[in-house]
Amino acid sequence: MTTPHDTDAPPDPEASRVLGAEEIRRALTRIAHEILESGHGADDLVLLGIPHRGVPLAHRLAERIARSEGGERPLEDLVGSLDITMYRDDLRTQRTRVPGPTRIPKGGIDGRTVVLVDDVLYSGRTVRAALDALGAIGRPAAVRLAVLVDRGHRQLPIRADHVGKNLPTARSERVHVQLAETDGIDAVDIVRPAATPGEARA
């Protein structure tokens, strides 16, 4: 179910809406088709969402892939989640992080194609942590990356295989992704730093 904010401007005056519910729906449908085409079907495919918003995105992609394949494969065999908390490189400075659940679909990941799913690709450090976490679990035949938004500013040599939208941003800006499962709305906004009083008068 949609809300008025799905198409209206975002409530934050410093934000600009770049994707609404319909654009997100189309982007995920396209990504699902790309995943199937690049993997020649879903038989050996596993989608793992990176918490938090990567998990509902992975489930949405899995639902589209399952429908495209005739719905013969149970979703629990296709989609799961991968907690990366203990593999992050900022644990020394943020020790209060609490690990969440990792759910690997039936059959594991060995010898299968794993698609990591996240909402925003930025520095690449989250994906690096996910690769380390994945390596501790098993040995996939291949690993791909699907993201709803690629905002640039990479700090590591990591590239997404499937991108909903490439979104050039300034480092001072923030990309705010909201999903119905976690936020009650599907939207992507660019949030700019609030202007100082002097800037507002200029």
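For the structure, check the block above.
To keep things clear, this report deals only with the structure shown in the data block.

Within the open sheet, the five strands sit side by side as β3-β2-β4-β5-β6. Their pairing is parallel. Two strands close off the open sheet at either side, each with one partner strand: β3 (79-81) and β6 (162-166). On average, adjacent strands in this sheet sit at an angle of 25° to one another, irrespective of strand direction. Bridge count for strand β4 (residues 113-121) against strand β5 (residues 142-150) is eight bridges, and the pairing is parallel. From the neighbouring strand, V120 faces β5, where its bridge partner is V149. Packing against the sheet, helix α1 (residues 21-39) makes contact with β2 (45-49), β4, β5 and β6, and its axis sits at approximately 150° to β6. Relative to the sheet, helix α3 (residues 125-135) contacts β2, β4 and β5, its axis offset from that of β4 by approximately 155°.

Strand order in the open sheet formed by three strands is β1-β8-β7, with antiparallel pairing between adjacent strands. Every other strand in the sheet has two partners, leaving β1 (15-19) and β7 (174-178) as the edge strands with one partner each. For this sheet, the mean inter-axis angle between neighbouring strands, taken without regard to orientation, is 30°.

A few words on helix α2 (residues 54-68). Relative to the 21 Å expected for 15 residues at 1.5 Å per residue, α2 spans 21 Å between its end C-alpha atoms, a close match to the ideal helical length. Those residues of α2 that fall on the buried side of the exposure criterion are G54, P56, L57, A58, R60, L61, A62, R64, I65 and A66. Where α2 terminates, the next one or two residues include G70, which has phi positive at roughly 90°.

Now for the pattern of salt bridges. Evaluation of the coordinates by the stated rule reveals eleven salt bridges. Residue R17 is joined to D189 by a salt bridge in which the shortest nitrogen-to-oxygen separation is 2.7 Å. Taken as a pair, R17 in strand β1 and D189 in strand β8 (residues 187-191) lie far apart in primary sequence, 172 residues in all. Linking E181 and R60 is a salt bridge whose minimum nitrogen-to-oxygen distance equals 2.6 Å. You can see E181 sitting in helix α4 (residues 180-183) and its partner R60 sitting in helix α2, a full 121 residues away along the chain. Accessibility expressed as a relative area gives 46% for E181, which makes it partly exposed. Exposure remark for R60: the relative accessible area of 11% places this residue in the buried category.

If you look at soluble globular proteins, the nonpolar side chains tend to sit buried side by side. Counting residues in each nonpolar core, the largest one holds 30 residues, and the members touching the most others are L45, L47, L61, I65, L148, V149 and V188. Only α1, β2, α2, β4, β5, β7 and β8 provide two or more residues apiece to this core. Take this core: its biggest share by element is seven residues, from α1. Every residue in contact with V188, bar those within four places of it in the chain, is listed here: S16, R17, V18, L19, I24, L148, V149, V175, H176 and V177. Of all hydrophobic cores here, the second largest spans 19 residues; its members include L48, L116, L134 and V163.

What follows is about unusual backbone geometry. Residue H52 is reached from P51 by a cis peptide bond, and omega for that bond is 10°. With respect to the secondary-structure elements, H52 resides in the loop between β2 and α2. Of note, the phi angle at H153 is positive, near 65°, even though the residue is not glycine. When you line up the elements, H153 lands in the loop between β5 and β6.

Definitions and limits used
Residues numbered from 1 in each chain as written. Predicted model: local features only at pLDDT ≥ 70, side-chain atom pairs only at ≥ 80, totals over all residues. Heavy atoms only, no water. Pairing = 2+ DSSP bridges. Helix = DSSP H or I, 4+ residues; strand = E, 2+ residues; numbered from the N terminus. Axes fitted to C-alpha atoms, helices over the stretch in contact; angles between N-to-C directions. Contact = heavy atoms within 4.5 Å. Expected span 1.5 Å × (residues − 1). Buried < 20%, exposed > 50% of the residue type's maximum accessible area, 1.4 Å probe, protein only. Salt bridge = Lys/Arg side-chain N within 4 Å of Asp/Glu carboxyl O. Core = buried A, V, L, I, M, F, W, Y, C linked by side-chain atoms within 4.5 Å.

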